[in-house]
Protein chains: 2
Amino acid sequence: MKPFKISEAVVRRLPVYLQVLNDLHMRDVQTVSSQELGNKLDLNPAQIRKDLAYFGDFGRKGIGYDVSYLIEKIRQILKLDQPLNVGLVGAGNLGRALCNYNTYLKDNMKITAVFDAHPSMVGASINGLSVLPMDKLQETVAERNIRIGIITVPAVEAQNVADRFVDAGVAGILNFAPTILRVPDHVRIHYADFTTELLSLAYYLEKEGDDEDETVVD
Amino acid sequence: MKPFKISEAVVRRLPVYLQVLNDLHMRDVQTVSSQELGNKLDLNPAQIRKDLAYFGDFGRKGIGYDVSYLIEKIRQILKLDQPLNVGLVGAGNLGRALCNYNTYLKDNMKITAVFDAHPSMVGASINGLSVLPMDKLQETVAERNIRIGIITVPAVEAQNVADRFVDAGVAGILNFAPTILRVPDHVRIHYADFTTELLSLAYYLEKEGDDEDETVVD
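Being a predicted model, the structure only gives us computed values, none of them experimental.

Definitions and limits used
- Residues numbered from 1 in each chain as written.
- Chains lettered and ligands numbered in written order.
- Predicted model: local features only at pLDDT ≥ 70, side-chain atom pairs only at ≥ 80, totals over all residues.
- Heavy atoms only, no water.
- Helix = DSSP H or I, 4+ residues; strand = E, 2+ residues; numbered from the N terminus.
- Buried < 20%, exposed > 50% of the residue type's maximum accessible area, 1.4 Å probe, protein only.
- Contact = heavy atoms within 4.5 Å.
- UniProt positions renumbered as here; feature names shortened; annotations may be inferred.
- Domains from an automatic or database assignment.
- Buried area = accessible area lost by both parts, 1.4 Å probe.
- Salt bridge = Lys/Arg side-chain N within 4 Å of Asp/Glu carboxyl O.
- Polar contact = N/O pair within 3.5 Å; in protein donor to acceptor, adjacent residues only side chain to side chain.
- Arc of directions from axis to C-beta.
- Pairing = 2+ DSSP bridges.
- Right-handed = clockwise from strand over helix to strand, strands pointing away.
- Least-squares fit on C-alpha atoms with pLDDT ≥ 70 in both.

Undergrad: Sorry if this is basic, but what is going on with the overall build of chain A here?
TA: Counting secondary structure elements, chain A contains 8 helices and 10 strands. Here chain A, with 218 residues, has 50% of them falling under the buried criterion. Taking as baseline every contact in chain A between residues at least 6 positions apart, the subset at least 24 positions apart corresponds to 55%.

Undergrad: Whenever I open this one, the UniProt feature "binding site: NAD(+)" (unreviewed entry) in chain A confuses me. Can you help?
TA: All names here are of chain A. The feature "binding site: NAD(+)" (unreviewed entry), as given by UniProt, occupies G90, A91, G92, N93, L94 and G95 in the numbering adopted here. For G92, the position within the fold is in the loop between β3 (84–89) and α5 (93–100). Beyond its immediate stretch of four places on either side in the chain, G92 contacts D116 and M121. Examined against the element boundaries, N93 turns out to sit in helix α5. Given the relative accessible area of 26%, N93 is considered partly exposed.

Undergrad: What is the right way to read the domain arrangement of chain A from this model?
TA: Buried accessible area, meaning the area lost when the parts come together, often serves as the stated size of an interface. All names here are of chain A. Once the domains are mapped, chain A shows domain 1 (8–77) and domain 2 (84–198). When each unit is reduced to the centre of its C-alpha atoms, the spacing between domain 1 and domain 2 is 30 Å. Counting residues at the interface gives 4 residues for domain 1, matched by 4 residues for domain 2. A combined buried area of about 340 Å² lies between domain 1 and domain 2, and 29% of that area is made up of carbon and sulfur atoms. Joining domain 1 to domain 2, the criterion identifies 0 salt bridges. On the surface where domain 1 and domain 2 come into contact, there are 0 residue pairs in polar contact (both at pLDDT 80 or more). The element contributing the most residues to the side of domain 1 that touches domain 2 is helix α1 (residues 8–26), with 3 residues.

Undergrad: Any chance you could explain helix α2 (residues 34–41) of chain A here in plain terms?
TA: The periodicity of an α-helix, 3.6 residues per turn, causes residues three or four positions apart to be oriented the same way. Residues and elements named next belong to chain A. Where α2 is concerned, the buried positions are S34, L37, G38 and L41. An end-on view of α2 places all buried positions within 100° of arc, on one side of the element. On its buried face, α2 sits against α1, β1 (31–32), α3 (45–53) and β2 (65–66).

Undergrad: How should I be thinking about the pairing of strand β8 (residues 146–151) of chain B in this particular structure?
TA: Moving residue by residue along a regular strand, the side chains alternate between the two faces of the sheet. Residue and element names in this part refer to chain B. For β8, the tally of buried residues reaches 6 of 6 residues, placing the bulk of the element in the interior. By the bridge criterion, 5 bridges tie strand β3 (residues 84–89) to β8 in an arrangement that is parallel. Its bridge partner being in β8, V89 is matched across the sheet by I151. Inspection of the sheet shows β8 paired to strand β9 (residues 172–175) by 4 bridges, in the parallel sense. Paired with I150 across the bridge in β9 is L174. Read as a crossover between parallel neighbours, the route from β8 over helix α7 (residues 155–168) to β9 is right-handed.

Undergrad: I would appreciate a short explanation of the relation of the copies chain B and chain A in the present structure.
TA: Here the second copy of the chain follows from the first by a rotation about an axis and a shift along it. The operation relating chain B to chain A is a screw motion whose rotation component is 180°, with 0.1 Å of axial translation and a residual RMSD of 0.0 Å. Here the two chains are linked by the operation of a two-fold rotation axis. When C-alpha positions in chain B are compared against the rotation axis, the closest is assigned to N93(B), at 2.4 Å. Same-surface contact between copies: 100% of interface residues of chain B are shared with the interface of chain A.

Structure representation (C-alpha cells):
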C-alpha cells in the first residue's frame, strides 16, 4: 500500500464503519449503500463516500459496497491484518472491564498482559490473564512484543505508568486516567476519558422545555 | 447567552480544555497562554485561540487567558453551572468503574442512580448508590430528574436498555456497549466504545523499524 495522508477525523470513523460492517456481515448482508450506512451511523452519505474514497475505489454505482471486501480493506488500513499485542496497567474495575472487552477485539488485537502495582492484586486472574507486578513490565513488553499500553490507574499514578511504558518501548498509549500525560514525540497517545464524552453530551441536551438548539457539524 | 453555531469537534475539545485549566487552577496558576495550552494538549495554539473565540473575547494579548474566568465560561457553555443527573444501567465492572468516576465529575454532574436487570446485583452498594431493579427505572428517572442515561450492559441487551431510557424521558444517552443503537431524533446519543480509540490508535503506530508515517490533522 503506498503512503497517503488521511485526516484524524477519518481515522476515527473507520472503526465505526468496521463495526457496522461486521454487524451486517454477521447478518449475511452482502452489499450496502452509502445511504444505508449513513442511516445507521447518522452521517451524511456523501461524507461516507468521501471517507472511503481515500482508500481506493470500493463502491460500485447503483450497487453499493461489497461488505466483505470493505471489511477486509478497512482491516488492512487499520493494520488489523497483523497481530497487535496490548498491555494494561491497573487491575481495578475499569481494567477488568477492558480485559473483558478482549472478546470484542477480534482482528488480532488482544490484551496479552495485565500489571498492577499493588501486591494484593498480583496473581489474580482476569479473563484468563494472571496479574503481573510492575517490575515485570519491561521484560514482558519485550517478550510478548507489546506495542500498545493501556493505563487504567488513578490520575496521580498515570504519568509514572506512562513513563514505564515508554521506557519499555511501546509505540502507543491509550490513557483512561483523567489527566494529561507527557510522552515523547515518537509515542502516540490517545485519551479515552469517559468524562469528556459525558461533558460534551451535556452540551447538546436541550434545556428542559426548550425545543431548539441548533448545531453545525463539520 | 445568545444562540450560536459551533462544530462538534470544538465541543469535544472543550472538556479537554477544562481539564487542563482545572489542573492549572489547582496549582494556583492565574493566567495561561494559548502557546502553553497548545504544548500541554499537543494542539496548535492558533486552533485553541480559534476554538475559544467562538464563545467570546476571553484572551488578552501578551497576557493570555485568565484561568478562573475561562473555567467559568467553559462551564457555562457546557451547561455545567446547573445540576445534571445521570442514571446508569449495568452494574458490572465497567458500570462500577464509571460510578467511581463520580469523584471526578465535579461541576454538578453526578451519577445518581444505578440499575441492573440481574436480581443478584440488585441491592448491592456501589460508591454509595444502591443498585435498583429495572422496573424502578421509569419512576426513578422522573423522581430524580435524570437527563442522561449511561449504558454499560452487553451488546445484545443494549437496545432494550436504550428503549427503556427513551421511554423514561432522558434527553441523552452515552453508550458503552459495542453496538450501534437506534434512538429517536430528540434524544442525543454518544458512543464511548473504547475499542474505537484502540483501533484508531493502532492506525498511527509505526511499523516496527519504520520511521515515517505522516498524517495530516484537520
